[in-house]
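# Breakdown of the fold
Take a look at the letters that make up each chain.
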Amino acid sequence: MPDRLEDGGSNPPTSTIFLLFKSTAQMTPDQEIARRRTFAIISHPDAGKTTLTEKFLLYGGALNLAGAVKSRKNQQATTSDFMELEKQRGISVSSTVLRFDYRQCAVNLLDTPGHRDFSEDTYRVLTAVDAAVMVLDAAKGIEAQTLKLFQVCRRRGIPIFTFVNKCDRPGKNPVELLDEIEKTLDLQVFPVTWPIGEGTDFHGVYDRLHQRAHWFERVSGGATQAPVTSGGLDDPAIREKVPADDHARLAADIELLDMAGAAFSPADVLAAKQTPVYFGSAMHNFGVQLLLDGFLDYAPAPAPRMAGTREIAPTDAPFSAFIFKIQANMDPKHRDRLAFLRVCSGKFSRDMQVAHCQSGKKIRLSFSHQLFGQERETVNEAWPGDVLGVTGLPDFGIGDTLSEDPDIVFDAIPPFAPECFALLHNTDTGSFKRFRSGLEQLLQEKVVQRFMPADGGSIPLLAAVGPLQFDVVAYRLQTEYNASVRLETAPWTVARWVSPAVPREAFDGLFLGGAKLVYDARERLAVLFQNDWNANYFARENPTIPLFKTPDLLPDLSPSSPSQR
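Parameters at a glance
- Residues numbered from 1 in each chain as written.
- Predicted model: local features only at pLDDT ≥ 70, side-chain atom pairs only at ≥ 80, totals over all residues.
- Heavy atoms only, no water.
- Helix = DSSP H or I, 4+ residues; strand = E, 2+ residues; numbered from the N terminus.
- Buried < 20%, exposed > 50% of the residue type's maximum accessible area, 1.4 Å probe, protein only.
- Areas by Shrake-Rupley, 256 points an atom, 1.4 Å probe, with all protein chains shown as cover.
- Salt bridge = Lys/Arg side-chain N within 4 Å of Asp/Glu carboxyl O.
- Pairing = 2+ DSSP bridges.
- Contact = heavy atoms within 4.5 Å.
- Axes fitted to C-alpha atoms, helices over the stretch in contact; angles between N-to-C directions.
- Parallel < 35°, antiparallel > 145°, perpendicular 65-115°, else oblique.
- Left-handed = near helix turned anticlockwise from the far one by under 90°.
- Nonpolar A, V, L, I, M, F, W, Y, C, P; charged D, E, K, R; others polar.
- Expected span 1.5 Å × (residues − 1).
- Arc of directions from axis to C-beta.
- pLDDT = per-residue confidence, 0-100.

### Observations concerning the overall build of the chain
A tally of regular secondary structure across the chain gives 13 helices and 31 strands. Every one of the 565 residues in the chain was classed for burial, and the buried ones make up 57%. When the accessible surface of the chain is split by element, carbon and sulfur atoms take 50% of a total near 23900 Å².

Quick look at the structure:
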């Protein structure tokens, strides 16, 4: 096991390929790849995801002063929530990338929205990471959005590290929480740290792997690193800090866990069969550094990626990457369109020429950036696991592949089925050009989907997983493009795509019962229903018209062109 430092940090295992005293300029490509850690933090809203993100930056040395999610006058705003809408509402509505170096590791932290309305953006980010930290509220345990995001991680085989947050408040018994995780997620747990005290009396954790207790002191607003006293259970400094009752309870708990609990298995962690569990309080910085150190010790380096039937290893020579996010106007000073690339293989060098594998076009990657929230700086090289922001790619979309080898095409990112619909009205004819330009940009970012009525009409019908996405569209059109808009809620909640083998005329004379025929952005015919019952009834009554929940499930046939309508 790694030897714990006196300040609560840890040295990486001596078997790891990167060396503490070897500068990155001297590293081989294999060593550069091995020191990358690319991960996302997932949670239910209000579990403390963005707060934990900020504290990782604090302990990673990327910030001198941590911000608060709901900032007060004497607190700065969080680095990851840079949109004015995010600051106003105290929630994350857009994914961001935060890159920092810590313990000779190059850490790429992808902050994601926790609210279910932004599941699609979160899902796209999860395709770009190699591991995830799952944040649980100590009082609430596994919540709905946490479970949904965990299932996405499980489908991809992503290792999960668990942080039980808010231990400084009244919550569930730690043993009860572990049991809930095991039963709900069907995942073996190993509590790496264990809380010392409960609720308002929570002041520290015991590190089982290194057999050391850590007693923390609170700091004002949690803005700086918490002072910590560390030592063995019987060290005088610990016996002096920990109340006798808490000390006796901790000793009994540790003995029980050692006797009855599972053994720690780094191999099972990498195989996503076991989750290391850490307890703490992100708000007060209790247990945060232990989590960060443990994650860097046991999380995987960049893994191979599938491109059809071909496996692309990080050590393969040709550079390859895929676009998992697009966003315009992140920084008002730039007012450009930024494509987020996850590097999968080879070495990136600024000004290199690559193929856009979907179109076959050759492009030069001249404007490349390392990202830190909305801040950016020019980057000259990058390795597998890194996330880059690249400008000057106006015609490319989410899921597209860029590579020196044009035969590499990474698997597409599956879409989500929309559950909410709204008509978007331009209320000022004088701003129509700005309205149209802004809407086209947001559609390219896939903030929402757009449908057009099959029976004609020019008012866009927007579709999204949740209604908050419509608020983001309206806000950004008004603030970024100075377009005046109005949203009108539509009654449909279910979309079904029609097989391309079925002509539009097949619906003539059919009773749709409040359903509506529409075309999506790629001219594919779909039907919108008010609820699942209506959709299922239509399917039973019209068995010759095959319907599909998402467009990626459609048969591989050429859809009807607009001229055939």
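The discussion continues.
### Observations concerning the pattern of salt bridges
In this structure the tally under the stated criterion is 26 salt bridges. Close ionic contact of Asp 179 with Lys 183 constitutes a salt bridge, the shortest N to O distance being 3.3 Å. Remark: Lys 183 and Asp 179 occur in helix α6 (residues 174-185); sequence separation between them is four residues, near one turn of the helix. A relative accessible area of 65% places Lys 183 in the exposed class. The salt bridge partner of Arg 524 is Asp 520, with a shortest N-O separation of 2.8 Å. Through salt bridges with shared partners, a single network forms among Glu 32, Arg 35, Arg 36, Arg 99, Asp 101 and Asp 386.

### Details of the sheet that holds strand β31 (residues 547-548)
Read from one edge of the open sheet, eight strands run β27-β24-β26-β25-β29-β30-β28-β31, paired in antiparallel fashion. The sheet is open, and its two borders are formed by β27 (485-489) and β31, each paired with just one other strand. Inspection of the sheet shows strand β29 (residues 516-519) paired to strand β30 (residues 525-529) by four bridges, in the antiparallel sense. Paired with Leu 517 across the bridge in β30 is Val 527. Together, β28 (494-498), β30 and β31 form the strand contacts of helix α13 (residues 532-541), whose direction differs from that of β28 by roughly 25°.

### Structural notes on the packing of helix α11 (residues 432-444) against helix α12 (residues 468-480)
Where α11 contacts α12, the two axes come as close as 10 Å, and the packing angle between them is 135°. For the element pair α11 / α12, the angle class is oblique. The chirality of how α11 crosses α12 is right-handed. Taking contact as the criterion, the partners of Phe 435, Gly 438, Leu 439 and Leu 442 in α11 are, on α12, Val 473, Arg 476 and Leu 477. Here the residues of the contact of α11 with α12 sort into five nonpolar, one polar and one charged.

### Quick look at the pairing of β30
Each regular strand displays side chains that alternate between the two surfaces of the sheet. Burial analysis of β30 places five of its five residues in the buried class, the great majority of the element. Residues Leu 525, Val 527 and Phe 529 point to one face of β30 and Ala 526 and Leu 528 to the other, with burial holding for every one of them. As defined by bridge partners, β28 adjoins β30 across four bridges and the pair is classed as antiparallel. Residue pairing across strands places Ala 495 opposite Leu 528, the latter belonging to β30.

### A few points about helix α8 (residues 244-260)
End to end, α8 covers 24 Å across 17 residues, agreeing with the expected 24 Å (1.5 Å per residue, within 8%). Regarding α8, the residues found buried are Asp 246, His 247, Leu 250, Ile 254 and Leu 257. Each buried residue of α8 lies within a common arc of 100° when the element is viewed along its axis, so the set occupies one face. Opposite the buried face of α8, by more than 90 degrees, sit the exposed residues Ala 244, Asp 245, Glu 255, Leu 256, Met 259 and Ala 260.

### Here we look at unusual backbone geometry
For Asn 285, which is not a glycine, the phi torsion comes out positive at approximately 70°. For Asn 285, a relative accessible area of 0% corresponds to the buried category. We note that Asp 351 has phi near 80°; this positive angle belongs to a residue other than glycine. By the element assignment, Asp 351 lies in the loop between β16 (348-349) and β17 (352-356). The partly exposed category is assigned to Asp 351, whose relative accessible area is 36%.

### With respect to helix α5 (residues 144-156)
Taking 1.5 Å as the rise per residue, α5 with 13 residues should run 18 Å; its terminal C-alpha atoms sit 19 Å apart, in good agreement. Within α5 the residues assigned to the buried category are Gln 145, Thr 146, Leu 149, Phe 150, Val 152 and Cys 153. Relative to the axis of α5, the buried residues are bounded by an arc of 155° and lie together on one face. Facing away from the buried side of α5 by over 90 degrees, the exposed positions are Ala 144 and Arg 155. The first or second residue beyond α5 is Gly 157, which carries a positive phi of 70°.

### Re the confidence of the model for the chain
Mean pLDDT over the chain stands at 85; residues scoring 70 or higher make up 85%. Below a pLDDT of 50 lies the segment residues 85-94, which in the model reaches 36 contacts outside its immediate sequence neighbourhood of four places, other chains included.

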